Amino acid sequence: MKELIEFLARSLVSKPDEVKVEEIPSGRQTVIELTVARGDIGKVIGKQGRTARALRSLLKVSATKQGKRAVLEIV
Amino acid sequence: METVEVTGKTVDEAIAAASSKLGIPADRLDYRIVSEGSKGILGIGAEEAKIIVSVEPALAPGESKPAPARVAAVPARTEAPEEAAAEQAGAPGEGAPRVQIEDAPDLAADLLEELLDKMGIDAEVEVREEDPITLNVIGDDLGILIGRRGETLSALQFIVNQILNHQTGHWLSVIVDAEDYRLRREEQLKGLARRMADRARYYRQPVTLEPMPPHERRIIHMALAEHGSVVTHSIGEGDERRVVITPK
């Protein structure tokens, strides 16, 4: 899940080196915390949050495949 | 970034007006809805819908013709200044794109394969068509990838396009399908369109369909465009927008 979000975020931003992804387990759920360069936040959120919504939707597939639940937080 | 305020009777009309005024396709406008507008009661208290459109300075109204605006609108997302400058000089292709566009179908397929691999989905990607670029994912148990009403598939398609656009500086408009879902859905929608048109004609009453995404509504409109006894239009906003089939 972490690799997926890392790959997607790096592919979308202008400064891939500044992409950081943390996987924080909390109970049955995993929080995937994504950090990008200031100027790149718009790229991972998108117009009206479309990109963020798409990222969450793909993360959900990946999590379901592993029998887990995951939420994406963009910080 | 400059912003332009555009008003219309509805949000859709404001978007259409902004699109023709700026020469940017409606689906590529970067806008924010200020007011949804309301019809008021018997026309009293009616309020116009208002949107604020963000425009690159070079694209401000009056300064650009529709055609170059379309080209220049692409690098707006990449933020590579030299590339944006080259494209705005009006020569796509001379702006030294990072990839040859002839490779686009393979490039898109490779990206999708890597993405599926990272998602933990064991599947193959075939290029079904080159123009428009259409990728089909083949594998077992891809229902999870398609999602309810194809929503997950749409998310996948959206992300693939965002990444390709960002990496190539070109808007490629790739269609992503899985287990021929979109093909089957298209046939299903055409059948639905014909049956509902018959119903509208038989009962001499308009028939309102389920809410559908834009490309699905387009299939309905196209299927009935030549129909002799009904006309179609859409009502509602956003996710609630649906096609109405009305007998002539």
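Residues numbered from 1 in each chain as written. Chains lettered and ligands numbered in written order. Predicted model: local features only at pLDDT ≥ 70, side-chain atom pairs only at ≥ 80, totals over all residues. Heavy atoms only, no water.

Participant: I'd like a rundown of the sheet that holds strand 3 (residues 69–74) of chain A, residues and numbers included.
Facilitator: Backbone-to-backbone hydrogen bonds pair the strands of a sheet. The strands run either parallel or antiparallel. Residue and element names in this part refer to chain A. Strand order in the open sheet formed by three strands is 1-2-3, and the pairing between neighbours is mixed. Since the sheet does not close on itself, it has two edges, and those belong to strand 1 (20–26) and strand 3, each with one partner. When the angles between neighbouring strand axes are averaged without regard to direction, this sheet yields 20°. Here strand 1 runs beside strand 2 (residues 29–35); their pairing, made up of seven bridges, is antiparallel. (Pairing = 2+ DSSP bridges. Helix = DSSP H or I, 4+ residues; strand = E, 2+ residues; numbered from the N terminus. Axes fitted to C-alpha atoms, helices over the stretch in contact; angles between N-to-C directions.)

Participant: How would you explain helix 7 (residues 181–203) of chain B if you had to name every residue and give the values?
Facilitator: Its 23 residues give helix 7 of chain B an end-to-end C-alpha distance of 32 Å, which sits within 8% of 33 Å, the value for a rise of 1.5 Å per residue. Where helix 7 of chain B ends, the next residue or the one after it, R204 of chain B, has phi of about 50°, a positive value. (Expected span 1.5 Å × (residues − 1).)

Participant: Which residues make up the pattern of salt bridges, and what values go with them?
Facilitator: Residue and element names in this part refer to chain B. Enumeration according to the criterion identifies 10 salt bridges over all chains in this entry. A salt bridge links D177 to R128, with the shortest nitrogen-to-oxygen separation between them at 2.9 Å. Residue D177 is found in strand 6 (residues 175–178), and its partner R128 is found in strand 4 (residues 123–130); the two are separated by 49 residues along the sequence. Its relative accessible area of 25% is what places R128 among the partly exposed residues. The shortest N-O distance in the salt bridge between E187 and K190 comes to 3.8 Å. Residue E187 and its partner K190 are located together in helix 7, separated by three residues, close to a single helical turn. Overall, E187 belongs to the partly exposed group, its relative accessible area being 49%. A relative accessible area of 26% means that K190 is categorised as partly exposed. In the salt-bridge network here, residues are joined through shared partners; they are R128, D177 and D180. (Salt bridge = Lys/Arg side-chain N within 4 Å of Asp/Glu carboxyl O. Buried < 20%, exposed > 50% of the residue type's maximum accessible area, 1.4 Å probe, protein only.)

Participant: Mind laying out the interface of chain A and chain B, listing which residues take part and the relevant values?
Facilitator: If you look at the interface, chain A gives 21 residues, while chain B gives 24 residues. Summing both partners gives a buried area of about 2,100 Å² for chain A against chain B, and 67% of it is carried by carbon and sulfur. When the buried surface of chain A facing chain B is broken down by residue, F7, K47 and L58 of chain A rank first, second and third, together holding 27% of it. At the boundary of chain A and chain B, one finds zero salt bridges. Elements that contribute at least two residues to the side of chain A that touches chain B include exactly helix 1 (2–12) and helix 3 (50–65) of chain A. With 10 residues, the single largest contributor to the side of chain A that touches chain B is helix 3 of chain A. Among the residues making up the side of chain A that touches chain B, the classes are represented as nine nonpolar, seven polar and five charged. (Contact = heavy atoms within 4.5 Å. Buried area = accessible area lost by both parts, 1.4 Å probe. Nonpolar A, V, L, I, M, F, W, Y, C, P; charged D, E, K, R; others polar.)

Participant: Please provide a residue-by-residue account of the sheet that holds strand 7 (residues 207–211) of chain B, values included.
Facilitator: All names here are of chain B. Strand order in the open sheet formed by three strands is 7-9-8, and the pairing between neighbours is antiparallel. Looking at strand neighbours, the two that pair on one side only are strand 7 and strand 8 (230–235), the edges of this open sheet. Between one strand axis and the next, the sheet turns through 20° on average, direction left out of account. Where strand 7 lies against strand 9 (residues 242–247), three bridges are found, and the strand directions are antiparallel.

Participant: Explain the pairing of strand 9 of chain B to me, using residue names and the numbers behind them.
Facilitator: Residues and elements named next belong to chain B. With six bridges connecting them, strand 8 and strand 9 associate as antiparallel partners. Across the sheet, residue T232 finds its bridge partner in strand 9, namely I245. Between strand 8 and strand 9, which pair antiparallel one after the other, the connecting turn spans six residues, and G236 there sits at a positive phi close to 90°.

Participant: Residue-level account of unusual backbone geometry, with values.
Facilitator: Of the consecutive residues D131 of chain B and P132 of chain B, the connecting peptide bond is found in the cis state with omega at 0°. Residue placement: P132 of chain B occurs in the loop between strand 4 and strand 5 (133–139). Non-glycine residue Q48 of chain A carries a positive phi angle of around 50°. Position of Q48 of chain A among the secondary structure elements: in the loop between helix 2 (41–45) and helix 3.

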